[in-house]
Amino acid sequence: MPRHWIDELADKLYESLKKRGKSIIVFNSGLSVSGLQHVGRLRGEIIIPEVLRKLLQSRGLVVKQYLTLYTQDSWKAKEAQVKRFKENGVKYAGWPLIRVPDPEGCHSNWVEHYWKDFGPFIGEFTDGEIEVVTTTELYKNKLKEFTKLVFENREKVRMVINKYRGRKQYKEGWIPFEPICEKCGRIDTTSSTRIVDEEHVEYVCSGCGHRGVSSIENGKLMWRIEWVGVWWSLGVDFEAYGKDHAMPGGSRDSCVDLAVNVFNMQPPEGIPYEWVEWKTPDGKLADMGSSDFLGFTPREWLEVAHPHVFRFIVLKTPPMKKFAVGLHEVPHYYNIYYKAERIYYGVEKAVSEEEEVLLSRSYELSYPRGLPPREMPEQVPYLHLAILAQIIPCEKWATEGLTRLKTSGHISEKPTEYGLKRILEIMQKAHVWVEKYGPSDMRVKLLPISEAEKVASTIPSSIADIFKELYERFQTLDLWSEEKIKDAFIAVTSRLGEDLVKSFYTYFYRLLSGKDSGPRAAPLLALLGRELSLKYILLATKTHI
């Protein structure tokens, strides 16, 4: 029987981490809050390590998970970053991220402002057992101690780093620490010129020309060394990292070299992962990017979809394979998720053993807390709930809305508790989705009967005859279900010419919503209910009786 990629990875990790003989295994990932904290960052830095952590915990290991924010990194002043400021954002170029002001003035700094749509929602996508630390905090304690170690071993550090730098070699006496200039505030234009004592360096700023003395709390190590410093500070045993660091002879290899040959550390186990692409409504694809402000945030995802669905997409895709997401495609993601759910509960058969394992296991692990419910939850298509949320006032979703779903056969008379909860949550999310991302023909607002009567008076007799036949068929239906309604539409329109069918549906949508198009007719009428549907259809026949 084939196995899910994350179970195979967990097996390998269990064996290698157990050999370390540590009472507490440490997982860590890193983010630089350089701008938009997009949903793609949940993949490698949050969800994959969190699932692995829980799998290893289930096998008896004690695992602590961190997320490190690189808040001392310099602000690059990219065009998309500068645009966030109403005026003169360029003046903050090179400042540490944590010191750049919030462009909208609602938070104390840049980091806090752009963390607000990501950090508070980590607990929605995971079990919440992830501790967030910042390099700014670490430089006050553990990274401060590591910086002293770097100073003691700086010749060894220089020789290792130079192996990976080609022609741009660092010269003897190099001090790999970048202080924050006390005059201009930049961290990317300073060079340490002398170690004053174990906690202070002398520096010069090439940006403003200032010379001064800085505490090692007010700056940062060169980034490769800082990466090793985070391993050392937190005792990291496993990390996931972006594919850009995974090239042979690349940045991670240099960090491993430093860890082993300078600091006598066992480097963490690790896996690389691919970027997540952003799919726009016009079909374009682009790698999500923080400082480029490309993508959308976890908060925006949760407005229109459950965290489970994004976790599922992450888990069904091996780490080094790209996937793309766009908020306009949320109904499609639910369809795939529902298929996996049916396979998990044995209601649908997968095309192969591989598909069965991948989809059912990804579904099982998609629950941030606990296991899936014992019974399969009710599945109402996302687009159906988007329609229902528009044609019934929100205060009646839990009453009349559920009644209509029972009448139309979408749910049974006694649905599961979890299924009902999910349906009501999706209605809320689908209502937002239609307004923000849905195509125009999915937006439906029923015309008042008085307005529909005016539309009915404009219907040609040839079309009115079609409505009359449809009305008669609807009256004979023993069950007001989507399938039966669909069959009635087919029976009436299948013998008509293409132009006549097109004209009929144009008047059908005008009659109900005043627009020339709308959601699919059968689910729309099923959710409207028999009585209201017949009232509208009858209007189209009356003028010509």
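Right above here is the structure, for reference.
Description of the structure in this document. (Residues numbered from 1 in each chain as written. Predicted model: local features only at pLDDT ≥ 70, side-chain atom pairs only at ≥ 80, totals over all residues. Heavy atoms only, no water.)

Before going further, it helps to spend a moment on the overall build of the protein. Of regular secondary structure, the protein possesses 23 helices and 13 strands. When the backbone C-alpha atoms are referred to their principal axes, the protein occupies close to 100 × 60 × 40 Å. Each of the 545 residues in the protein was classed as buried or not, and the buried ones make up 54%. Relative to all contacts within the protein whose residues are 6 or more apart in sequence, the contacts with residues 24 or more apart total 72%. Carbon and sulfur atoms make up 50% of the accessible area of the protein, which amounts to about 24700 Å² in all. Averaging the coordinates of the 76 positive side-chain charges in the protein and doing the same for the 74 negative ones gives two points 2 Å apart. (Helix = DSSP H or I, 4+ residues; strand = E, 2+ residues; numbered from the N terminus. Buried < 20%, exposed > 50% of the residue type's maximum accessible area, 1.4 Å probe, protein only. Contact = heavy atoms within 4.5 Å. Areas by Shrake-Rupley, 256 points an atom, 1.4 Å probe, with all protein chains shown as cover. Lys, Arg positive; Asp, Glu negative; His and termini not counted. Charge placed at Lys NZ, Arg CZ, Asp CG, Glu CD.)

Below, the discussion takes up the sheet that holds strand 5 (residues 190–197). The sheet built from 3 strands is open, its strands ordered 5-6-7 with antiparallel pairing. Each edge of the sheet is formed by a strand with only one pairing partner; in this case those strands are strand 5 and strand 7 (211–215). Ignoring which end each strand starts from, the neighbouring axes of this sheet average 30° apart. When strand 5 meets strand 6 (residues 200–205), the two strands line up antiparallel, connected through 6 bridges. Paired with isoleucine 195 across the strands is valine 201, a residue of strand 6. (Pairing = 2+ DSSP bridges. Axes fitted to C-alpha atoms, helices over the stretch in contact; angles between N-to-C directions.)

This part takes up the packing of helix 13 (residues 330–344) against helix 14 (residues 353–364). Between helix 13 and helix 14, the shortest axis-to-axis distance is 8 Å and the interhelical angle comes to 100°. In this view, helix 13 runs roughly perpendicular relative to helix 14, as classed from their interaxial angle. Across the interface between the two elements, Tyr337, Lys339, Ala340, Glu341, Ile343 and Tyr344 of helix 13 pack against Glu355, Glu356, Leu359, Ser360, Tyr363 and Glu364 of helix 14. Tallied by class, the residues present in the contact of helix 13 with helix 14 amount to 6 nonpolar, 1 polar and 5 charged. (Parallel < 35°, antiparallel > 145°, perpendicular 65-115°, else oblique. Nonpolar A, V, L, I, M, F, W, Y, C, P; charged D, E, K, R; others polar.)

The next subject is helix 2 (residues 41–57). The end-to-end C-alpha separation of helix 2 is 23 Å, in line with the 24 Å expected for 17 residues at 1.5 Å each. Along its length, helix 2 reaches its greatest deviation from straightness, about 30°, at isoleucine 47, and the proline proline 49 lies no more than four positions downstream. Burial analysis of helix 2 places 15 of its 17 residues in the buried class, which makes it a mostly covered element. (Expected span 1.5 Å × (residues − 1). Bend = angle between axes of the 7 residues up to and from the residue.)

On to helix 16 (residues 397–407). Helical geometry note: an α-helix holds 3.6 residues per turn, so side chains three or four residues apart project in the same direction. Those residues of helix 16 that fall on the buried side of the exposure criterion are Trp397, Gly401, Leu402, Arg404 and Leu405. Mapping the buried residues of helix 16 onto a view down its axis gives an arc of 155°, with all of them on the same face. For helix 16, the secondary structure elements touched by its buried residues are helix 15 (382–391), helix 17 (417–436), helix 22 (521–528) and helix 23 (530–542). Residue glycine 409 follows helix 16 closely and has a positive phi angle near 85°. (Arc of directions from axis to C-beta.)

Taken together, the 3 strands give an open sheet; going across it, the order is 12-11-13, and neighbouring strands pair in mixed fashion. Pairing within the sheet leaves two strands with one partner each, and these edge strands are strand 12 (285–287) and strand 13 (323–325). Strand after strand, the sheet turns through a mean of 35° between neighbouring axes, direction not considered. Direction of pairing for strand 11 (residues 276–279) relative to strand 13: parallel, over a ladder of 3 bridges. Residue pairing in the sheet places valine 276 in a bridge with phenylalanine 323 of strand 13.

A few words on the pairing of strand 10 (residues 269–273). Strand direction decides the pairing type here: strand 9 (residues 238–242) and strand 10, joined by 5 bridges, are parallel. Residue phenylalanine 238 lies in a different strand from strand 10, and its bridge partner there is glutamate 269. For the handedness criterion, the β-α-β arrangement of strand 9, helix 10 (residues 251–261) and strand 10 is classed as right-handed. (Right-handed = clockwise from strand over helix to strand, strands pointing away.)

The next thing to look at is unusual backbone geometry. Positive phi outside glycine occurs at alanine 77, with the angle close to 55°. As for its position among the elements, alanine 77 is in the loop between strand 2 (63–69) and helix 3 (79–82). Despite not being glycine, asparagine 264 shows a phi value in the positive range, around 55°. As for its position among the elements, asparagine 264 is in the loop between helix 10 and strand 10.

Next up on the list: the nonpolar core. Residues Trp301, Phe310, Val325, Phe467, Phe474 and Phe508 are the most contacted members of the largest nonpolar core, which totals 132 residues. For this core, the leading source of residues is helix 2, giving 8 residues. Apart from the residues lying within four places of it in its own chain, the contact partners of phenylalanine 310 are Val39, Leu42, Ile47, Phe125, Trp301, Phe323 and Val325. (Core = buried A, V, L, I, M, F, W, Y, C linked by side-chain atoms within 4.5 Å.)

Once that is clear, we can look at the pattern of salt bridges. Opposite charge on two side chains allows them to pair when their charged atoms are near. All chains considered together, the criterion is met by 44 salt bridges. Here lysine 220 makes a salt bridge to aspartate 73, at a shortest N to O gap of 4.0 Å. Residue lysine 220 is located in strand 8 (residues 219–221), and its partner aspartate 73 is located in the loop between strand 2 and helix 3; the two are separated by 147 residues in the primary sequence. Assigned by exposure class, lysine 220 and aspartate 73 land together as buried. Linking arginine 422 and glutamate 341 is a salt bridge whose minimum nitrogen-to-oxygen distance equals 2.8 Å. A residue pair is termed long-range when its members are at least 10 positions apart, and arginine 422 in helix 17 and glutamate 341 in helix 13 qualify at 81 residues. Taking the relative accessible area as the measure of exposure, glutamate 341 reaches 0% and is therefore buried. Because the salt bridges share partners, they merge into one network encompassing Lys144, Glu145, Lys148, Glu198, Glu199 and Glu217. (Salt bridge = Lys/Arg side-chain N within 4 Å of Asp/Glu carboxyl O.)

The next thing to look at is the packing of helix 19 (residues 461–476) against helix 20 (residues 482–493). One can describe the packing of helix 19 onto helix 20 by two numbers: an axis separation of 10 Å at closest approach and a directional angle of 145°. The handedness of the crossing between helix 19 and helix 20 is right-handed. Seen from helix 19, the contacting residues are Ile466, Glu469, Leu470, Arg473 and Phe474; seen from helix 20, they are Ile485, Ala488, Phe489, Ala491 and Val492. The class makeup of the residues in the contact of helix 19 with helix 20 is 8 nonpolar, no polar and 2 charged. (Left-handed = near helix turned anticlockwise from the far one by under 90°.)

To continue, consider the environment of alanine 246. In this structure, alanine 246 sits in the loop between strand 9 and helix 10. A relative accessible area of 33% places alanine 246 in the partly exposed class. Each C-alpha atom, one on alanine 246 and one on serine 440, is 44 Å from the other, the two residues being 194 residues apart in sequence. Once residues within four sequence positions are removed from consideration, alanine 246 is found in contact with Tyr241 and Pro272.

Our next topic: the environment of leucine 13. For leucine 13, the position within the fold is in helix 1 (residues 5–18). Residues leucine 13 and glutamate 269 lie 256 residues apart in sequence; the distance between their C-alpha atoms is 7.8 Å. Among residues more than four places away in sequence, those in contact with leucine 13 are Lys18, Leu52, Leu56, Phe238 and Glu269.

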